[in-house]
Amino acid sequence: MTSRRTLAGAWQDVVAIAGAWAIAVLVESMLVVLLWGREFSAAWEMAQVRRVAVPLAVAALVPASVVLAGWWRVALHAGTGSRLARRALAALGALAGCALGLGVSTGRHFANVAVRASFCGVLALAGLAVGALLVPRFARLASRPVALALAGMVVAALAWVADAGVLPRLYPAFHAALFVAFLSGAGVAGIGVRLAWEGPRWAARAAVAVVAVAVVGAFAFAPHAVRALERLSNLRIVLVEHAPVLGRVVVLVEALHPEPAELPPGAPSVVRGEIAQALDWAGHDVVLVTVDALRADHVGAYGYARATTPNLDALAREGTLFEDAYCPTPHTSYSITSMMTGKYLRPLLALGLGEDSETWAQDLRRYGWRTAAFYPPAVFFIDEERFPRFERETLGFEYAKVEFADPVLREQQIAGYLDGAPAGTPLFLWVHFFEPHEPYVMHAEHPFAGGRSADEDAYDSEVATADDGIDRVVRLVRARRPGAAVIVTADHGEEFGDHGGRYHGTTVYEEQVRVPLVVAGPGVRAGAHVDTVVQTIDLLPTVLSALGIPRPARLRGRDLGPVLRGEPGALDAGFAFAETDDYALVAEGPDRLVCERRASACALYRPKDDPTERKDLARSEPARFDAMRGELRAVERDHGRFEGAGGPAWPEALRRGMQGDAEAALDVAALLDDANVVIRRKAAEVCFGLHAPSTAPQLRRAVARDEDDEVRRWAALALGRIPDEALPASVRPLLEDPSRDWRRRAALALGERGDARACDELAAWWSDVLPPPGQGKAEGEPPRLTIELPAAEDLLAATARARCRSAVPSLLAALADVRARPYVADALGALGDDRARGPLRELLASEPYVTTRPREARALLALRAADWVPAAASAPPADAAATLAASAGPSRLVVMLSDPSAAVAARMDGDPVTAWAPDGAGQAIRIADVPGPPGQDAGARLQPRARVEVHASSGGVAAFWLVPTGPT
């Protein structure tokens, strides 16, 4: 009878725990909607949290309720004096404490084995004490069930808040412990409620029955919920980011139901067929003008209210304007080379292909054309090392003027070239204007004010300056060589916080990849606005067709001639593909499929109806969503297919992984079992680059069993880059390997784990990748590290985590590369070396890039190098004041705010500071130039002191600096 009663009580505990967890998950779903509702596409998507995610969470958690109920029974026995139960809890607590210690002690502070072992021992002892002493006392609260329920609720609430808000995305073991604490607290609260129930027995049994039915229903509904969740990309992203319980369920579902990587049999390939020649530009010159960072919606002809582009607007009235034109990658280097080759260059170069591609200029030169280019050296600024031939051969142009030049100087240069160009030979002329690129400058001849931000006002001024350059070039060429066909477009757009970012190169939303495109020439319709989707890689095949030149087989774009001429039936939905490291886009007709690769999630938008791209249509139009995902997979599958037999015939999964597609990680890891050792080596190398946790089982097997030494090396290094994986014994010896490349790979993996033994190799690596001496002086070319930016970011992270202060001199030199500067500043702040104070302070005073300034300021704060900061442990106040050393010459006041949207006011020695730089909205840093005191000699020594007072309209003042900018 006793055992029967015990079994019944245990069953009731299981049901009570499951019911409590169901309520807790439901509460979490409401909190997510309440706190982060703005991140959902619409109200229906919020409802799906409760309808889809909650039942899945209940079904996933129920099996664990049996474990917790068993643990509770052991705790009850320990509370009544059972030594065996107390010892079991003590052992369990010690193991949990040791596991937690191992999980959180992976940083640089625990590089020493003795320190790490001591730390783990302390946590094991703490876990032992909790299991042996605290848990039995907690279990004795069963005699006071209300207190037990309240205690469980407090534990669950505190654990949930900490899991959601403390060190998010860091220390997985720490968050796993909090998750267990949350489940334990909520489950014990459910048991307490069950024990406290004083109502009729039938009501208790009814409640148990309801919970049981709900659990069974959740299990029955789970397959449908999984299918529904797969269609809710945005929902998955929000839950993973903000919901500790529901987010883990999403991750579990994705792990158990990975998306098929291969295309279904017979899936269409995005290959557009050629069409007959529609335009005849034979004997006519061709002028291509590109404008850097010009987004389409800041052009008057595209509906912009400001008069930024009167000359481009006039050209659009002469020719045809494409409403929906897209660049292939929102980075100048990739976009321009793609335009000039008619290919998607970024994925090809990632595959080690495409560098031998012939360019627009080379195609025309073969048929007797003269070619000339006028562009700034910044065209190859991003990932310069991927474009050595294109840069060295100036994209195939026989004449190239590579320097920074304003429109007036460019006009003079082009006029000089035209003076010597033979009149009877056709000419292809390319001009690239750099003006709208950041940092933005307000031009006196094109003033704008009162826009959304001072940054956008300055940007529009730059656009107007570039438009003046377009007019100068077009007028000059038409005056000297009448009848030229003119094409005007941009390499990419620009973001001003539209989707939480700045500048370009980060996403594939409209503001970054939609560009203006206007074509005017013989046979082209005048005043036409065409809404078919096109790409800038379509321009090369279009011009070749119009000139009667055969199309090379490796081009990917299509001939737009029929559309430009207005042939009946020429208009179709069109097609465009674009990508960055983390995003991919397919545009077709009115629809835009945007995929965020890190979250393995895609969303379907219709910008004509939803200009901000917030309303995901994937659920309401699943057939269209699936069709566009098929288009995306097809175009990604075809990368490299047209490059001929000279390229390696890698499997599709490898080609995707080589392009940085994290979704391909599992398929890449599966190739570690391939019979071909070349495939296995490449798969292990790609796993090293992806360092995805899902590849760990296959990597461990390769380390233990593969007969090829190179495969084992790559696999061991790949495991070394995966958090929470044990470091293979073969990694550290690679630091002594004769090959520099193996030493560096080992140093990267060890540095990321905080192992200071990697520092010598990392410091030597930094010395080798610094900008070459003298770079940045010729023709205004900016200095660049001789390493790709993503690789530089990995190297910086390893250097900072391993506390490699020997690399500081090289890092200070690396600050000259404006691409890497924000990440270098982060690393210098983390290293805490006082040698960085002066250089960072100087940069902060003069930094032109508004998104880099906060990084420099935070680094200075980490180095304790601010002129004023709040008192220790106090929140940033709205008003701050300090008496500081001040220059007799001009100075710059730099203010860091806790609320980036706040307005700031300041006074210096009682005089208001008014000359605030156009930093733009949404930035944490404000800068104002302060002139020297009247009547003072600019060369005088420092004044004794100056009183600085700063006020923030909201939030508080986090820090400020007063830095001299002129002679002192």
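These figures come from a predicted structure and were not determined experimentally. (Residues numbered from 1 in each chain as written. Predicted model: local features only at pLDDT ≥ 70, side-chain atom pairs only at ≥ 80, totals over all residues. Heavy atoms only, no water.)

## Observations concerning the overall build of the chain
Across its full length, the chain carries 32 helices and 22 strands. In the chain, which comprises 968 residues, the proportion classed as buried is 54%. Nonlocal contacts in the chain, meaning residues at least 24 apart in sequence, comprise 73% of its contacts between residues at least 6 apart. In the form shown here, the chain has an accessible surface area of approximately 40,000 Å², with 59% of it arising from carbon and sulfur atoms. (Helix = DSSP H or I, 4+ residues; strand = E, 2+ residues; numbered from the N terminus. Buried < 20%, exposed > 50% of the residue type's maximum accessible area, 1.4 Å probe, protein only. Contact = heavy atoms within 4.5 Å. Areas by Shrake-Rupley, 256 points an atom, 1.4 Å probe, with all protein chains shown as cover.)

## Focus: the side chain of Glu438
Assignment of secondary structure puts Glu438 in the loop between strand S5 (427-433) and helix H16 (454-480). If we skip the residues at most four places from it in the chain, Glu438 touches Glu494, Tyr503, His504 and Tyr849.

## Some details on the packing of helix H5 (residues 145-165) against helix H6 (residues 172-196)
Axis angle and axis distance: for two packed helices, these are the angle between their axes and the distance between the axes, and together they describe the pair. At a minimum axis separation of 7 Å, H5 and H6 run at an interaxial angle of 155 degrees. As judged from the angle between their axes, H5 and H6 are roughly antiparallel. The two elements H5 and H6 cross, and the hand of that crossing is left-handed. Broken down by class, the residue content of the contact of H5 with H6 amounts to 21 nonpolar, four polar and one charged. (Axes fitted to C-alpha atoms, helices over the stretch in contact; angles between N-to-C directions. Parallel < 35°, antiparallel > 145°, perpendicular 65-115°, else oblique. Left-handed = near helix turned anticlockwise from the far one by under 90°. Nonpolar A, V, L, I, M, F, W, Y, C, P; charged D, E, K, R; others polar.)

## Section: the state of the cysteines
Evaluation of the coordinates by the stated rule reveals two disulfides. In this model, Cys595 is linked to Cys602 through a disulfide, with the two sulfur atoms separated by 1.9 Å. The disulfide joining Cys595 to Cys602 has a torsion of about 105 degrees about its S-S bond and is therefore right-handed. Accessibility assignment for this pair places Cys595 and Cys602 in one class, buried. The disulfide that involves Cys759 links it to Cys804, with 2.1 Å between the sulfurs. What sets the handedness of the Cys759 and Cys804 disulfide is the S-S torsion sign, and at about -80 degrees it is left-handed. Of this pair, Cys759 sits in helix H27 (residues 759-769) while Cys804 sits in the loop between helix H28 (789-801) and helix H29 (808-814), and the two are 45 residues apart along the sequence. The pair Cys759 / Cys804 is uniform in exposure class, with both members buried. Numbered in order of appearance, the disulfide-bonded cysteines of the chain are paired 1-2, 3-4. Cys120 provides the cysteine sulfur closest to Cys98, a residue in no disulfide bond, and the two sulfurs are 5.3 Å apart. Residue Cys98 is classed as partly exposed on the basis of its relative accessible area, which comes to 29%. (Disulfide = S-S within 2.5 Å.)

## With respect to the sheet that holds strand S13 (residues 583-588)
Picture the strands of a sheet paired through backbone hydrogen bonds; they go either parallel or antiparallel. The strand order across the open sheet formed by four strands is S12-S13-S14-S15, and the pairing between neighbours is antiparallel. The two strands at the open ends of the sheet, each matched to only one other strand, are strand S12 (576-579) and strand S15 (601-605). On average, adjacent strands in this sheet sit at an angle of 15 degrees to one another, irrespective of strand direction. Here S13 pairs with strand S14 (residues 591-596) via six bridges, running antiparallel. Its bridge partner lying in S14, Ala584 is registered against Cys595. (Pairing = 2+ DSSP bridges.)

## Observations concerning the packing of helix H31 (residues 837-846) against helix H32 (residues 853-862)
Two elements in contact, H31 and H32, have axes separated by 9 Å at closest approach and are oriented at 150 degrees. The two elements H31 and H32 meet at a crossing, and its hand is left-handed. On H32, the residues touching Arg837, Leu840, Arg841, Leu843 and Leu844 of H31 are Arg853, Glu856, Ala857, Ala859 and Leu860. Looking at the contact of H31 with H32 residue by residue, the class counts come to six nonpolar, no polar and four charged.

## Focus: the nonpolar core
Judged by nonpolar contacts, the single largest core of 104 residues is most densely connected at Trp281, Leu288, Phe322, Trp360, Leu429 and Trp430. In this structure, Ala653, Leu672, Leu785 and Leu815 belong to the second largest nonpolar core, which totals 88 residues. (Core = buried A, V, L, I, M, F, W, Y, C linked by side-chain atoms within 4.5 Å.)

## Quick word on the packing of aromatic side chains
By the definition in use, this model includes 21 aromatic pairs. Centre to centre, the rings of Tyr509 and Tyr605 are 6.2 Å apart; their planes meet at 55 degrees, and the pair counts as tilted. Here Tyr509, found in the loop between strand S8 (502-503) and helix H17 (510-513), pairs with Tyr605, found in strand S15; they are 96 residues apart in sequence, far enough to count as distant. We classify Tyr509 as buried; its relative accessible area is 12%. Centre to centre, the rings of Trp868 and Phe960 are 5.4 Å apart; their planes meet at 10 degrees, and the pair counts as stacked. (Phe/Tyr/Trp six-rings, centres within 6.5 Å; stacked < 30°, edge-to-face > 60°.)

## A closer look at H28
For H28, built from 13 residues, the straight-helix expectation of 18 Å at 1.5 Å per residue is met to within 8% by its first-to-last C-alpha distance of 18 Å. When we look at burial in H28, the residues that qualify are Leu789, Ala792, Leu795, Leu796, Ala798, Thr799 and Ala800. Buried residues belonging to H28 abut helix H26 (740-752), H27, H29 and helix H30 (821-831). Immediately downstream of H28, the backbone of Arg803 shows phi near 55 degrees, a positive value. (Expected span 1.5 Å × (residues − 1).)

## Thoughts on a negative patch on the surface
Together, Asp879, Asp909, Asp911 and Glu949 make up a negatively charged patch on the protein surface. By the secondary structure assignment, Asp911 is in strand S19 (residues 911-913). (Patch = residues over 30% accessible without salt bridge, like charges linked within 9 Å, V, L, I, M, F, W, Y side chains within 5 Å. Salt bridge = Lys/Arg side-chain N within 4 Å of Asp/Glu carboxyl O. Lys, Arg positive; Asp, Glu negative; His and termini not counted. Charge placed at Lys NZ, Arg CZ, Asp CG, Glu CD.)

## Observations regarding unusual backbone geometry
With an omega of 0 degrees, the peptide bond running from Glu438 to Pro439 counts as cis. Following the sequence through the fold, Pro439 ends up in the loop between S5 and H16. If you check the backbone angles, Leu395 has positive phi at about 55 degrees while not being a glycine. Note that Leu395 resides in the loop between helix H14 (388-392) and strand S4 (399-402).

## Here we look at the sheet that holds strand S20 (residues 925-930)
Spatially, three strands are ordered S20-S17-S22 in an open sheet, and the strand pairing comes out antiparallel. Only two strands of the sheet have a single partner each, and these edge strands are S20 and strand S22 (957-964). The sheet shows a mean angle of 15 degrees between the axes of neighbouring strands, direction not considered. Bridging between strand S17 (residues 891-897) and S20 involves six bridges; their strand directions are antiparallel. Following the sheet pairing, Val894 is matched in S20 by Ile927. Against the sheet, H31 makes contact with S17, S20 and S22, and its axis sits at roughly 90 degrees relative to S22, the strand it touches most.

## Here's the deal with the confidence of the model for the chain
This prediction gives the chain a mean pLDDT of 84; 88% of its residues lie at or above 70. Contacts for the low-pLDDT stretch residues 260-275, under 50 throughout, to residues beyond four places or in other chains number 35 contacts. Confidence over residues 934-942 falls short of pLDDT 50; this stretch has 11 contacts with residues more than four positions distant or in other chains. (pLDDT = per-residue confidence, 0-100.)

## So, the pairing of S17
Note on strand geometry: in a regular strand, side chains alternate between the two faces of the sheet. Extensive coverage of S17 is indicated by the burial of seven of its seven residues. Across the two faces of S17 the burial is the same, with Ser891, Leu893, Val895 and Leu897 and Arg892, Val894 and Met896 all buried. Pairing geometry for S17 and S22, over seven bridges, is antiparallel. Within S22, the residue paired with Ser891 across the bridge is Pro964.

## Details of H26
Taking 1.5 Å of rise per residue, 13 residues should cover 18 Å, and H26 covers 18 Å from first to last C-alpha, within 8% of that figure. When H26 is considered as a whole, its buried residues turn out to be Trp742, Arg744, Ala746, Ala747, Leu748, Ala749, Leu750, Gly751 and Glu752. Buried residues along H26 sit in contact with helix H23 (677-690), helix H25 (709-720), H27 and H28. Looking one or two residues past H26, Gly754 carries a phi angle of roughly 80 degrees, positive in sign.

## Quick word on the pattern of salt bridges
A side chain with one charge can pair with a side chain of the opposite charge if their charged atoms come near. Here the structure, examined in full by the defined rule, presents 58 salt bridges. We note a salt bridge from Asp356 to Arg554, for which the minimum N-O separation is 2.9 Å. Here Asp356, found in the loop between helix H12 (345-350) and helix H13 (360-365), pairs with Arg554, found in the loop between helix H18 (539-546) and helix H19 (561-565); they are 198 residues apart in sequence, far enough to count as distant. Put simply, Glu323, Asp324, Glu510, Arg514, Arg592 and Lys608 are held in one network by salt bridges that share partners.

## Focus: the pairing of S12
Covered by surrounding structure in S12 are Ala576 and Ala578 together with Phe577 and Glu579, the residues of both alternating faces. As paired elements, S12 and S13 share four bridges and run antiparallel to each other. Residue pairing across strands places Ala578 opposite Leu585, the latter belonging to S13.

## Looking at the environment of Met339
Topologically, Met339 is positioned in helix H11 (residues 332-341). Met339 sits in the buried class, given a relative accessible area of 0%. For Met339, the residues in contact, after removing those within four places along its chain, are Leu288, Thr290, Trp360, Thr489, Ala490, Thr536, Ile537, Leu539 and Leu540.

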